[in-house]
Amino acid sequence: MRRRDFLKVMAGSSLLFITRKAFPLTATAPPVVGVVRGADVERAVIKAVELVGGIGRFVKPGAIVVVKPNIAWNVPPQLKATTDPLVVRMVVHLCFQARAAKVYVFDRTCSNPRLTYVTSGIARAAREAGATVLEVDEVSARLYQPIAIPGGVYLKESLINKRVLEADALINVPVAKHHSSSLLTLGMKNMMGITGDNRQKWHWQLHEAISDINLAVRSHLTVIDATFIMLRSGPTGGSKDYLKKTDTIIAASNVASADAEAARLFGKAPESIGYLALAGQKGIGALSGYSREEAAL
Amino acid sequence: MSGQRALEKLRIVRFFSQAIFLAAFLYAFLRSLDPFAALENPFLRWDPLIALTYRPLTPALAAPALLLLLLALVLGRCFCGWICPLGVLIDSLDLLLGPLRRKNPAALARVPWYPALVRYPPALALLGVLLLTLAAPLQVLQFLHPHIWSLRIASLSPLGFAFLALLAFLALFSRRLWCTTLCPLGALYGLLSRLSFFKLRLESCSACGLCDRCPTGAAVYRKKEVLAHQCILCFDYEHRCPAQGFRYSFPSGGGPAAAESRRSFFLHGAQLAGGALLGGVLGRLWSSTGTGLLRPPGVVSETRFLEQCLRCLQCVRSCPTGIIKATGLEGGWSSLFTPHLSFGPEGCEYNCQVCQQVCPNHAIPLQRLREKQLTAIGIARLSQEHCVVYRDGINCLVYEEFCPVLDKAIAFSPLRVRQGGQTLLLNQPRVIDSRCIGCGICEAKCPADPVAIRVSKTGPQRG
């Protein structure tokens, strides 16, 4: 290489470097929703989180993170009544890659918590990735704190898990499935696991209650496991015949938009799900017209 | 195997054997408290008397029990002195209470009728009663079986403590009074050890009286005889015999006491038969009444369950949801200490069969999971009077959400009602009888007060 050429290259690259610094390529905001299709669950999770801006956008170094999967039912993972343990593990792993100080994983289960944590495979998967798995069944002042919900219609106040209130980031990791009383259980419904209230009574005004709790506590990142979606007999399910292989992971910075995206996988209009319609009204998130990006593995 | 030194060595080996088996028993007990261990307690699983309660008794199930019987046929009644956890406990109690007993003027070794009691122990009759009531709703086994008592003591139940107090009281009179006179399992091993290949024998005697210390009263030095059906092979005193008269070996010929032996054999048979007769009568008198109690999942026939259930309450201790409870006298004597279900705050988990896995004799049948999920415990009944949907016109839907059955055993009929000027779609629930398995989760989770849906044991059992 001659000297002149060398100088040309140097000058060119420095110019490029300076322009990049002044006008970064990521100037456009990442989309609200990222959808990834592909059979490799773990890679799909990585890709989906990347689409919505990468884990660093949600988890800052030294952050305390709550990862809230759906561990509601004592049903083996292959029946998809609970979040795929691999999804949970990968999300926890990503948090630690973003140098999170601590990651908590828990759910207030519907079935017996001892059995459910083991049967779902989630407790073990989360521990493998380094998370702290908590049992939150005991409703006490040590674990729960009452908060007021301004704008709440059915819930004016609610007991919320202290770890959630104290966390720097809440990552909502639901599984997409049919639900007998709310039609679908997705990200917003999954937030029922952070409360210490009598959730049975919530069922009398279920849609209002679900939208109110999401008004009170925001999910910073929602990662929906829609690898297999349960079409019937939810939320407990019980048969592989009721599952549809959709191989999809949805990541979103807004929980309502994530749910709207997932509802369409079931062939349902988001507005037809009571709590989603209310979420639109209460300003939790947009059900349509949000920015989205799709990718395949 | 003979000679005083060898006998002393056996005593040390016995100490270690007892320690190991006690540790094993406690370990098995503690492990069995963890529902994920799904452990069948091997002490109950290997037990010959418990093996008789298996229906059907397959060779595979009977094999371990037969092995123990064979052990008694070869070596004698060593189970009691070397393995039995209750025996270890009794021996340990003796460390505390032995000195007191030696001062007790009423100690049995000084009582004239004690040798006769030892020679013809009531335990034989009790064994007879037990054998004939094994297939009756009255389970004499529950009150007499040593391992079940060991479990009750290990689980620190009030009943266990009461029994411990009884053992302590008995220890004031004789070291192994329970084993010599009451324990039917000991009596069974004792009967076999009369025929055992190896026997402890007293060949010469200086009438020093050391034999009065024999824990079971088996060494009758005045007749230079060791009662094989009582000797638990403890080897605690034999090495101290000044005449060095003890031999543990296989027999050579009939021995001097053959006539005596024939007589006692006949009397032992008579005791056993008498007990069996009594057991037969008791078994007839005792008819089980339908209690209406909900039994653990998989139990289809109440009668068969009452016949088989050992009342060990292992299911109560292992159930992860804590819904299996011990029955008191509310179900009558025949249901005493049997398990029943009481729902709330949880129901019977659909994907759980811990009680079936831990039941030592499959009184709660061990089914395949799919089979268990189809076997009805009872059936849910909805009270429209209490249900908030019917009573207050509120949509609830908890029942259906929690119902674990495929396609749900609770359906609802939508009904349009006018409420405060606007039309509301009210979902009125009803139970689909053909799908309901009576797991009680709806009962446990029902938010109404009083609970509007309850499981009861009505109608014929469905398979």
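The structure presented is a predicted model; accordingly, all values stated were derived computationally and were not measured.

So, about the overall build of chain B. A count of helices and strands for chain B gives 21 helices and ten strands. C-alpha extents for chain B along the principal axes are approximately 105 × 40 × 40 Å. Looking at chain B as a whole, 55% of its 463 residues are labelled buried. Pairs at least 24 residues apart make up 74% of the contacts formed inside chain B by residues separated by at least 6 positions. Here chain B displays about 20,200 Å² of accessible surface, and carbon together with sulfur accounts for 65% of that area.

A separate point is the overall build of chain A. A count of helical and extended segments in chain A gives eleven helices and twelve strands. If one aligns the C-alpha atoms of chain A with their principal axes, the spans along those axes are about 80 × 40 × 40 Å. As displayed, chain A offers around 12,500 Å² of accessible surface, 55% of which is attributable to carbon and sulfur atoms. Within chain A, one finds 37 positive and 24 negative side-chain charges whose respective centroids are separated by 6 Å.

Let us look at a nonpolar patch on the surface. All names here are of chain B. Together, Trp46, Leu67, Leu70, Leu73, Val74, Leu195, Phe197, Phe250 and Phe265 line one region of the surface with nonpolar side chains, adding up to about 870 Å² of accessible area. The dominant element in the nonpolar patch, judged by the number of residues it contributes, is helix H4 (residues 59-75), at four residues. Considering the arrangement of structural elements, one finds tryptophan 46 in the loop between helix H2 (42-45) and helix H3 (48-51). For tryptophan 46, a relative accessible area of 37% corresponds to the partly exposed category.

For any pair of aromatic rings, the description consists of the separation of the ring centres together with the inter-plane angle of the planes. Within this structure, the stated rule accounts for twelve aromatic pairs over all chains. Between tryptophan 82 of chain B and phenylalanine 235 of chain B, the aromatic rings sit 6.5 Å apart at their centres with planes inclined by 85 degrees, giving edge-to-face as the arrangement. Pair noted here: tryptophan 82 of chain B is in helix H5 (residues 78-83) and phenylalanine 235 of chain B is in the loop between strand S3 (225-226) and strand S4 (246-249), with a separation of 153 residues, a long-range link. By relative accessible area, which is 15% here, tryptophan 82 of chain B ends up buried. Counting every residue linked through ring pairs, the aromatic cluster contains Trp82, Phe197, Phe198, Phe235 and Tyr248 of chain B. Taking the ring centre of tyrosine 104 of chain A as reference, the NZ or CZ of arginine 163 of chain A above it sits at 4.6 Å. Taking NZ or CZ as reference, arginine 152 of chain B lies 4.6 Å from the ring centre of tryptophan 149 of chain B, over its face.

With that settled, the discussion passes to the interface of chain A and chain B. Note on interface size: it is often stated as the accessible area lost on association of the parts. Tallying the contact residues gives 28 residues for chain A and 27 residues for chain B. Taken over both partners, the interface formed by chain A and chain B buries close to 2,300 Å², and the fraction arising from carbon and sulfur atoms is 56%. Between aspartate 34 of chain B and arginine 114 of chain A there is a salt bridge; the shortest N-O distance is 3.7 Å. Counting across the interface, chain A meets chain B through 16 residue pairs in polar contact (both at pLDDT 80 or more). The set of elements that each furnish at least two residues to the side of chain A that touches chain B consists of helix H4 (113-119) and helix H8 (199-202) of chain A.

What follows deals with the confidence of the model for chain B. Within chain B, residue pLDDT values average 88, and 95% of them lie at 70 or more. Complex prediction metrics read pTM 0.85 and ipTM 0.82.

All right, on to unusual backbone geometry then. With an omega dihedral of 5 degrees, the bond running from glycine 234 of chain A to proline 235 of chain A counts as a cis peptide bond. Between glycine 344 of chain B and the following residue, proline 345 of chain B, the backbone shows a cis peptide bond with an omega angle of 0 degrees. Topologically, proline 345 of chain B is positioned in the loop between strand S6 (339-341) and helix H17 (354-358). Positioned with a positive phi, leucine 233 of chain B is a non-glycine residue whose angle comes to about 55 degrees. Take leucine 233 of chain B: it is sitting in the loop between S3 and S4. Positive phi values are uncommon outside glycine, yet histidine 362 of chain B reaches one of about 55 degrees.

With that settled, consider the pairing of strand S9 (residues 422-431) of chain B. Residue and element names in this part refer to chain B. Two elements, strand S8 (residues 410-419) and S9, share ten bridges in a ladder whose sense is antiparallel. Bridging from a neighbouring strand, leucine 415 pairs with leucine 426 of S9. Connecting S8 to the next strand, S9, in antiparallel fashion are two residues, including glycine 420 with a positive phi near 55 degrees.

Next up on the list: the packing of helix H6 (residues 85-103) of chain B against helix H10 (residues 146-154) of chain B. All names here are of chain B. Taken N-terminus to C-terminus, the directions of H6 and H10 make an angle of 65 degrees; their axes are 8 Å apart at the nearest point. For the pair formed by H6 and H10, the contact residues are Pro85, Leu86 and Leu89 on the first element and Pro146, His147, Ser150 and Ile153 on the second. Classifying every residue of the contact of H6 with H10 by side-chain character gives five nonpolar, two polar and no charged.

Residue and element names in this part refer to chain B. Secondary-structure assignment places histidine 229 in the loop between S3 and S4. A polar atom in the side chain of histidine 229 sits 3.3 Å from the backbone oxygen of valine 118. Excluding residues within four positions of it along the chain, histidine 229 makes contact with Arg77, Val118, Arg119, Pro121, Gly190, Leu191, Ser193, Arg194 and His268.

Counting buried residues in helix H9 (residues 206-216) of chain A gives eight out of eleven residues, a clear majority hidden from the surface. Its buried side turned inward, H9 of chain A meets strand S6 (157-161), helix H7 (187-190), H8, helix H10 (255-265) and helix H11 (274-282) of chain A.

Moving on, we get to the pattern of salt bridges. Side chains that differ in sign of charge can pair as their charged atoms come close. Residues and elements named next belong to chain A. In this structure the tally under the stated criterion is 32 salt bridges over all chains. Between arginine 89 and glutamate 128 there is a salt bridge whose closest N-O contact spans 2.8 Å. In this pair, arginine 89 sits in helix H3 (residues 85-97) while glutamate 128 sits in helix H5 (residues 122-128), placing the two residues 39 residues apart along the sequence. Take arginine 89: its relative accessible area is 26%, and that puts it in the partly exposed class.

With that settled, consider the state of the cysteines. Residue and element names in this part refer to chain B. With the rule as written, the count across this model stands at zero disulfides over all chains. Here cysteine 205 stays free of any disulfide, with the sulfur of cysteine 211 as its closest cysteine sulfur at 6.1 Å. Distance from the sulfur of cysteine 436, which forms no disulfide, to the nearest cysteine sulfur (cysteine 442) is 6.2 Å.

The rules behind each value
- Residues numbered from 1 in each chain as written.
- Chains lettered and ligands numbered in written order.
- Predicted model: local features only at pLDDT ≥ 70, side-chain atom pairs only at ≥ 80, totals over all residues.
- Heavy atoms only, no water.
- Helix = DSSP H or I, 4+ residues; strand = E, 2+ residues; numbered from the N terminus.
- Buried < 20%, exposed > 50% of the residue type's maximum accessible area, 1.4 Å probe, protein only.
- Contact = heavy atoms within 4.5 Å.
- Areas by Shrake-Rupley, 256 points an atom, 1.4 Å probe, with all protein chains shown as cover.
- Lys, Arg positive; Asp, Glu negative; His and termini not counted.
- Charge placed at Lys NZ, Arg CZ, Asp CG, Glu CD.
- Patch = residues over 30% accessible without salt bridge, like charges linked within 9 Å, V, L, I, M, F, W, Y side chains within 5 Å.
- Salt bridge = Lys/Arg side-chain N within 4 Å of Asp/Glu carboxyl O.
- Phe/Tyr/Trp six-rings, centres within 6.5 Å; stacked < 30°, edge-to-face > 60°.
- Lys NZ or Arg CZ within 6 Å of the ring centre and 35° of its normal.
- Buried area = accessible area lost by both parts, 1.4 Å probe.
- Polar contact = N/O pair within 3.5 Å; in protein donor to acceptor, adjacent residues only side chain to side chain.
- pLDDT = per-residue confidence, 0-100.
- Pairing = 2+ DSSP bridges.
- Axes fitted to C-alpha atoms, helices over the stretch in contact; angles between N-to-C directions.
- Nonpolar A, V, L, I, M, F, W, Y, C, P; charged D, E, K, R; others polar.
- Disulfide = S-S within 2.5 Å.

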